[in-house]
Amino acid sequence: MKLHLLYSLLASSICLLSPAAQAQDAAKMLNLFQSMLGGAQPAPPPPTAPAGGLAGALLGAALAQGATPQGNRGSDLFQLLSQSLDQIDEPREIQIGQQLSAMLLGSKPLLPDMAMQRYVNQLGRWISLQSARPNLPWTFAVLDDPGFNAFAAPGGYIFVTKGLIDRVADEAELAGILAHEMIHVTSKHHLIALNKAARAGLLTQAISSQLKNDVGGLVSGQLLALGRNMYTKGLDQSDELDADRSGVALAARAGFDPYGLVAVLQQLRTAAADDALFALSLSTHPPAQLRLNQLELAMGNRLDAYSGQSALTITQRLQSLAASASRSNPQAAAPRAAPVQKKN
């Protein structure tokens, strides 16, 4: 399949590019990925960033000379994030999410498995229909990374790692994780965090420091601090606990066992803090036992009627989808017969 080949080549080659080129090609990959999945409007390629990583992607739009977003609603990303959240409309929210998504794709390539990518999108989009914001351009992607982690970006962009997919026991657990990340989006937790940083002057200091350096120079310490604040240090504890409480309810509304997320947290509770595969997830979230305690208080027995449902494993679901595809297109699935040898 030509599209699959192109997708695989992009996924494997993007990590070999320079940070500035990664930001450009990551956005192209996001466009390709969305088009292959029938996603929403493509993300415009971000301007060449002065530095790599999260901070470079965030500041790329703010430092681009003459760049004016559609609708002429603000001169740059810093002014946008410094405003009241009420002034950040949905198109701008999506724009910020595209920038962050391009950064994530620049640091971790997409898993070159279209069956898995399509499945996670189908699952995520079904859950999104039960959310408070079903009309966002929800896009879900699996990153080719062995760690156990999940990320969200404003506007409806959700990422999970291959390591997480490999370690969830069944579909209900994956649904619980996706629902948790989707609550971060619907509640605008990342926008709130960025807004706090901007209003505290962190972005002003970072931009001022970066402008004193060469465009190709190293990322300043302040820019790195901003990046760590978003994706390395994590969100506020209250945001994470809110995403847990509302996430189990969202998963239940979508027809999944609400205790799927509980099972994931029980796994995290037994993970060693020095285990490299779990280190980032553990360091960016409240202790798993605290999260379990808070969920127990919030859930009580109110969601028990939705629990106890048998759930397919991810492998079983993929096999079921493949079988359904074969039945709907038997000619494509049927093996070709060997050509008849002509007798002499």
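Values in this document were obtained by computation on a predicted structure and should not be read as measured data. (Residues numbered from 1 in each chain as written. Predicted model: local features only at pLDDT ≥ 70, side-chain atom pairs only at ≥ 80, totals over all residues. Heavy atoms only, no water.)

Asker: When you look at empty space enclosed by the protein in this model, what are you seeing that I'm missing?
Answerer: The gaps left among the atoms become clear once a water-sized probe is rolled over them. Evaluated as defined, the whole model comprises two cavities of 30 Å³ or more. Looking at the largest cavity, its volume works out to about 150 Å³. Forming the walls of the largest cavity are 15 residues, and the residues nearest its centre are Ala150, Phe151, Tyr231, Glu240 and His285. Elements that contribute at least two residues to the lining of the largest cavity include exactly strand 2 (150–153), helix 8 (171–186) and helix 11 (221–232). At three residues, strand 2 tops the list of elements feeding residues into the lining of the largest cavity. Per-class residue counts for the lining of the largest cavity are seven nonpolar, six polar and two charged. Taken as a whole, the second largest cavity encloses approximately 130 Å³ of empty space. For the second largest cavity, the lining is made up of 13 residues, of which Ile177, Glu181, Ser281, His285 and Arg291 are closest to its centre. Of all the secondary structure elements, the ones that give two or more residues to the lining of the second largest cavity are helix 8 and helix 13 (260–270). Residue composition of the lining of the second largest cavity, by class: seven nonpolar, four polar and two charged. (1 Å grid on protein atoms, 1.4 Å probe; cavity = no way out; pocket = protein on both sides within 12 Å on 5 of 7 lines; lining within 4 Å. Points joined across faces, edges and corners; volume = space filled by probe spheres on them. Helix = DSSP H or I, 4+ residues; strand = E, 2+ residues; numbered from the N terminus. Nonpolar A, V, L, I, M, F, W, Y, C, P; charged D, E, K, R; others polar.)

Asker: Help me out: how do you make sense of the nonpolar core in this one?
Answerer: Considering soluble globular proteins, one finds that nonpolar side chains tend to be buried as a cluster. Ile127, Leu174 and Leu178 are the most contacted members of the largest nonpolar core, which totals 45 residues. Here this core gets eight residues from one element, more than from any other, and that element is helix 8. Ignoring any residue separated from it by four or fewer positions in sequence, one finds Leu178 in contact with Val120, Leu123, Gly124, Ile127, Phe140, Ile158 and Val160. Leu104, Ala141, Ala153 and Leu194 belong to the second largest nonpolar core, which has 17 residues in total. (Core = buried A, V, L, I, M, F, W, Y, C linked by side-chain atoms within 4.5 Å. Buried < 20%, exposed > 50% of the residue type's maximum accessible area, 1.4 Å probe, protein only. Contact = heavy atoms within 4.5 Å.)

Asker: Is there a simple way to explain the packing of helix 12 (residues 237–253) against helix 15 (residues 288–299) in this structure?
Answerer: Helix-helix packing is characterised by the crossing angle of the two axes and by the distance between the axes. For the pair helix 12 and helix 15, the least separation of the axes is 10 Å and the interaxial angle reads 45°. In terms of orientation, helix 12 and helix 15 fall into the oblique class. Handedness of the crossing formed by helix 12 with helix 15: right-handed. Contact with helix 12, carried on its side by Gln237, Leu241, Asp244, Arg245 and Val248, involves Leu290, Arg291, Gln294, Leu295, Ala298 and Met299 of helix 15 and no other residues of that element. Taken together, the residues of the contact of helix 12 with helix 15 sort by class into six nonpolar, two polar and three charged. (Axes fitted to C-alpha atoms, helices over the stretch in contact; angles between N-to-C directions. Parallel < 35°, antiparallel > 145°, perpendicular 65-115°, else oblique. Left-handed = near helix turned anticlockwise from the far one by under 90°.)

Asker: What is the right way to look at helix 15 in this model?
Answerer: Given 3.6 residues per turn, any residue in an α-helix points the same way as the ones three and four places further on. With 12 residues, helix 15 ought to run about 16 Å at 1.5 Å a step, and its terminal C-alpha atoms sit 16 Å apart, in line with that. Its buried side turned inward, helix 15 meets helix 8, helix 12 and helix 13. One or two positions beyond helix 15, positive phi appears at Gly300, with a value near 55°. (Expected span 1.5 Å × (residues − 1).)

Asker: Would you mind showing me how to read the sheet that holds strand 2 here?
Answerer: Picture the strands of a sheet paired through backbone hydrogen bonds; they go either parallel or antiparallel. One open sheet holds the three strands; their spatial order is 1-3-2, and the pairing between them is mixed. Looking at strand neighbours, the two that pair on one side only are strand 1 (139–143) and strand 2, the edges of this open sheet. The average angle at which neighbouring strand axes cross in this sheet is 20°, direction not considered. Pairing between strand 2 and strand 3 (residues 157–161): four bridges, direction antiparallel. If you follow Phe151 over to strand 3, its bridge partner there is Phe159. Of the strands in this sheet, strand 1, strand 2 and strand 3 touch helix 5 (residues 90–107), which is tilted by about 20° from strand 3. (Pairing = 2+ DSSP bridges.)

Asker: Quick question: what am I supposed to make of the pattern of salt bridges here?
Answerer: Where charged atoms from two side chains of opposite charge approach closely, those side chains can pair. Scanning the entire structure with this criterion turns up seven salt bridges. Arg133 is the salt-bridge partner of Glu90, the closest N and O atoms lying 3.3 Å from each other. A residue pair is termed long-range when its members are at least 10 positions apart, and Glu90 in helix 5 and Arg133 in the loop between helix 6 (114–128) and strand 1 qualify at 43 residues. A residue is classified by how much of its surface remains accessible, and Glu90, at 37% relative accessible area, is partly exposed. Given a relative accessible area of 13%, Arg133 falls into the buried group. Where Lys196 meets Asp236, a salt bridge forms, and the shortest distance between an N and an O atom there is 3.0 Å. Here Lys196 is found in helix 9 (residues 189–199), whereas its partner Asp236 is found in the loop between helix 11 and helix 12, with 40 residues between them in sequence. The exposure class assigned to Lys196 is partly exposed, which follows from its relative accessible area of 47%. Counted as one network, the salt bridges with shared partners bring together Glu90, Glu93 and Arg133. (Salt bridge = Lys/Arg side-chain N within 4 Å of Asp/Glu carboxyl O.)

Asker: Please clarify how unusual backbone geometry should be interpreted in this entry.
Answerer: Note on backbone geometry: most residues besides glycine have negative phi, and most peptide bonds are trans. Even without a glycine there, the phi angle at Lys188 is positive, about 60°. With respect to the helices and strands, the residue Lys188 is situated in the loop between helix 8 and helix 9. Since its relative accessible area comes to 29%, Lys188 is described here as partly exposed.

Asker: Is there a simple way to think about the side chain of His190 in this case?
Answerer: Along the polypeptide, His190 turns up in helix 9. At 3.3 Å, the side chain of His190 forms a polar contact with the backbone oxygen of Ala152. (Polar contact = N/O pair within 3.5 Å; in protein donor to acceptor, adjacent residues only side chain to side chain.)

Asker: Just to check I follow, could you spell out the packing of helix 13 against helix 15 for this structure?
Answerer: Where helix 13 meets helix 15, the closest approach of the two axes is 8 Å, and the angle between their N-to-C directions is 155°. When the interaxial angle is binned, helix 13 and helix 15 end up roughly antiparallel. Regarding helix 13 and helix 15, the two cross each other, and that crossing is left-handed. Between helix 13, through Leu261, Val262, Leu265, Gln266, Leu268 and Arg269, and helix 15, the contact on the second element is made entirely by Ala288, Gln289, Arg291, Leu292, Leu295 and Met299. Residue composition of the contact of helix 13 with helix 15, grouped by class: eight nonpolar, two polar and two charged.

None of the figures reported here should be taken as evidence of function without further support.
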